[in-house]
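Coordinate analysis (summary)
Residues per chain, in single letters:
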Amino acid sequence: MIMSYLANLEMSYSRVAIIVSFKGGFYGRKGHYHGYTGGVKESAHSPQGNRKEHHSTASSGYIGFNQSPDTQDSGKDTIRGGDNGVIHRLRGSPSNRRLAYKDKALRIFKTKYPDFGPTLASEKLFERDKIKVNDETLRLWLINEGIPYKKRKKRPHRQWRQRRHYFGEMIQMDGSDHDWLEGRGPKLIFMGYIDDATGMPFGRFYEYEGTIPAMDSFKRYIQKYGIPNSIYIDKHAAYKSKKKPSIEDELSNKDPMTQFTRAMEELGVEVIYANSPQAKGRIERLFNTFQDRLIKELRLEKANTIIEANKVTARFLPKYAKRFSVKASREGDLHRPIPKEHRVK
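This is a predicted model, so every value here is computed, not measured. (Residues numbered from 1 in each chain as written. Predicted model: local features only at pLDDT ≥ 70, side-chain atom pairs only at ≥ 80, totals over all residues. Heavy atoms only, no water.)

**A closer look at the overall build of the protein**
- Along its length, the protein carries 10 helices and 10 strands.
- Here the protein holds 345 residues, and 38% of them are scored as buried.
- Residue pairs in contact within the protein that sit at least 24 positions apart in sequence constitute 62% of those at least 6 positions apart.
- Surface accessibility of the protein: about 22400 Å² in total, with carbon and sulfur atoms responsible for 52%. (Helix = DSSP H or I, 4+ residues; strand = E, 2+ residues; numbered from the N terminus. Buried < 20%, exposed > 50% of the residue type's maximum accessible area, 1.4 Å probe, protein only. Contact = heavy atoms within 4.5 Å. Areas by Shrake-Rupley, 256 points an atom, 1.4 Å probe, with all protein chains shown as cover.)

Following this line, the structure appears as structure tokens:
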């Protein structure tokens, strides 16, 4: 019975022995390292450090391997480094798959998005090339590889006017004259709108800025959102008359009206004039952003005509609004439905 107990104890010991290095040996239950050189078992816990016992690996009860010079080095690393000696030397190094992923992203950046900033480039890499990389990660990759990229300009600090409270309470409208097609087509004017409370954008390309583009773009705006409470515009000739007041105007104490402002009066839209470009800060900032993001979108989509540009813009605006528009400070929509007498079929 005593012999059976000892046999079970020996089996239990062999089960709990932890093998930490298949090439150089293992640590036993008391934390003593057992290494092998040929048929000799070396006990690292020997007081003299050199006690050797001849032990056959076949009958010793231990697991051992014939050692090559490489495995002997591994065993020495384990003895010198302890637990750290068994950690793989490539731990913490990027995998080959990750390196290939990085190389592919940088290669596409250099060929398709060389003048993009990291933020916009990371969006397009995911949207068009199915490569997901954080904008800050991409920025670090570009810096480490010495690849130039577009950097965001610092804007001068200005005291911003507080937003209106309701969606549709006031919209800003203006035209932007710019080389939107980068020489691939005619020069165009972007008639842009932005809601003051939410930053919701709207716009369309025209060949010039004037009465007809202003009337047509506003008609399309109210067909989509409804009639706003007021509109904030500059003193362009299409929006503010330069004529001297007539006798009727003087008697009624009114300023001369353009076709556009007369239409606004009929629709019950209050016209507010801006005295400087800085006063129209939100629409001007929208144009600055579009002259970067929308221009690049038109380039990627290979838009060369006004028709193609408007198709691209119609797809671009909802994506932009989803990301950059904000919630109005108060619930409610002040847009009014179009009266029946003014509806265009």
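**Concerning the pairing of strand E6 (residues 171-178)**
- Counting buried residues in E6 gives six out of eight residues, a clear majority hidden from the surface.
- Here eight bridges tie E6 to strand E7 (residues 188-195), and the two strands are oriented antiparallel to one another. Bridge pairing in E7 links Met 173 to Tyr 193.
- Bridge analysis of E6 against strand E9 (residues 230-233) gives two bridges, and the strand direction is parallel. In the sheet register, Gln 172 faces E9, and the bridge partner there is Tyr 232. (Pairing = 2+ DSSP bridges.)

**Overview of the sheet that holds strand E8 (residues 201-206)**
- Taken together, the five strands give an open sheet; going across it, the order is E8-E7-E6-E9-E10, and neighbouring strands pair in mixed fashion. Among the strands making up the open sheet, the edge pair consists of E8 and strand E10 (270-273). The mean inter-strand angle of the sheet, taken between neighbouring strand axes irrespective of direction, is 25°.
- Bridge count for E9 against E10 is four bridges, and the pairing is parallel. (Axes fitted to C-alpha atoms, helices over the stretch in contact; angles between N-to-C directions.)

**Structural notes on the nonpolar core**
- In this structure, Met 173, Phe 218, Ile 231, Tyr 239, Phe 260 and Met 264 are the most contacted members of the largest nonpolar core, which totals 22 residues.
- Going through the elements one at a time, E6, E7, E8, helix H6 (211-225), E9 and helix H8 (259-267) are the ones with two or more residues in this core.
- The residues touching Met 173, leaving out its near neighbours within four places in the chain, are Met 191, Gly 192, Tyr 193, Ala 214, Ile 231, Tyr 232, Ile 233, Tyr 239 and Phe 260.
- In terms of nonpolar packing, the next biggest core, distinct from the first, is built from 19 residues, Phe 190, Ile 194, Leu 294 and Leu 298 among them. (Core = buried A, V, L, I, M, F, W, Y, C linked by side-chain atoms within 4.5 Å.)

**Some words on unusual backbone geometry**
- The residue Lys 130 is not glycine, and still its phi comes out positive at about 60°.
- The topology assignment puts Lys 130 in the loop between helix H4 (118-129) and helix H5 (135-145).
- Even without being glycine, Lys 302 reaches a positive phi, approximately 60°.

**What about helix H9 (residues 281-300)?**
- With 20 residues, H9 should cover 28 Å at 1.5 Å per step; its first-to-last C-alpha distance of 28 Å lies within 8% of that length.
- A maximum bend of about 40° is found in H9 at Phe 290.
- Across the 20 residues that make up H9, a large majority, 14, are buried.
- The positive-phi residue at the C-terminal boundary of H9 is Lys 302, with phi of around 60°. (Expected span 1.5 Å × (residues − 1). Bend = angle between axes of the 7 residues up to and from the residue.)

**Considerations on the packing of H6 against H8**
- At a closest axis distance of 9 Å, the pairing of H6 and H8 adopts a crossing angle of 25°. Here H6 lies roughly parallel to H8, going by the angle between them. Here H6 contributes Thr 211, Ala 214, Met 215, Phe 218 and Ile 222 to the contact with H8, which in turn contributes Gln 259, Phe 260, Ala 263, Met 264 and Leu 267.
- Residue composition of the contact of H6 with H8, by class: eight nonpolar, two polar and no charged. (Parallel < 35°, antiparallel > 145°, perpendicular 65-115°, else oblique. Nonpolar A, V, L, I, M, F, W, Y, C, P; charged D, E, K, R; others polar.)

**So, the packing of aromatic side chains**
- Under the definition given, this model contains 18 aromatic pairs.
- On the basis of an interplanar angle of 70° and a centroid distance of 5.4 Å, the ring pair of Trp 180 and Phe 205 is categorised as edge-to-face. Of this pair, Trp 180 sits in the loop between E6 and E7 while Phe 205 sits in strand E8; the two residues are 25 residues apart in sequence, bridging distant segments of the chain. Neither Trp 180 nor Phe 205 differs from the other in exposure class; each is buried.
- Centroid distance Phe 202 to Tyr 225: 6.4 Å. Interplanar angle 85°. Geometry classified as edge-to-face. Here the residue Phe 202 occupies a position in strand E8, and Tyr 225 occupies one in helix H6, the gap between them amounting to 23 residues.
- The aromatic ring of Tyr 273 is capped on one face by Lys 240, whose charged end is 4.6 Å from the ring centroid. (Phe/Tyr/Trp six-rings, centres within 6.5 Å; stacked < 30°, edge-to-face > 60°. Lys NZ or Arg CZ within 6 Å of the ring centre and 35° of its normal.)

**Looking at the confidence of the model for the protein**
- Per-residue confidence for the protein gives a mean pLDDT of 78; residues scoring 70 or more make up 66%.
- Here residues 15-23 is modelled with pLDDT under 50, and outside its nearest four sequence neighbours on either side it reaches 15 contacts, counting other chains as well.
- The low-confidence segment residues 36-65 (pLDDT under 50) makes 41 contacts with residues lying over four places distant or belonging to another chain. (pLDDT = per-residue confidence, 0-100.)

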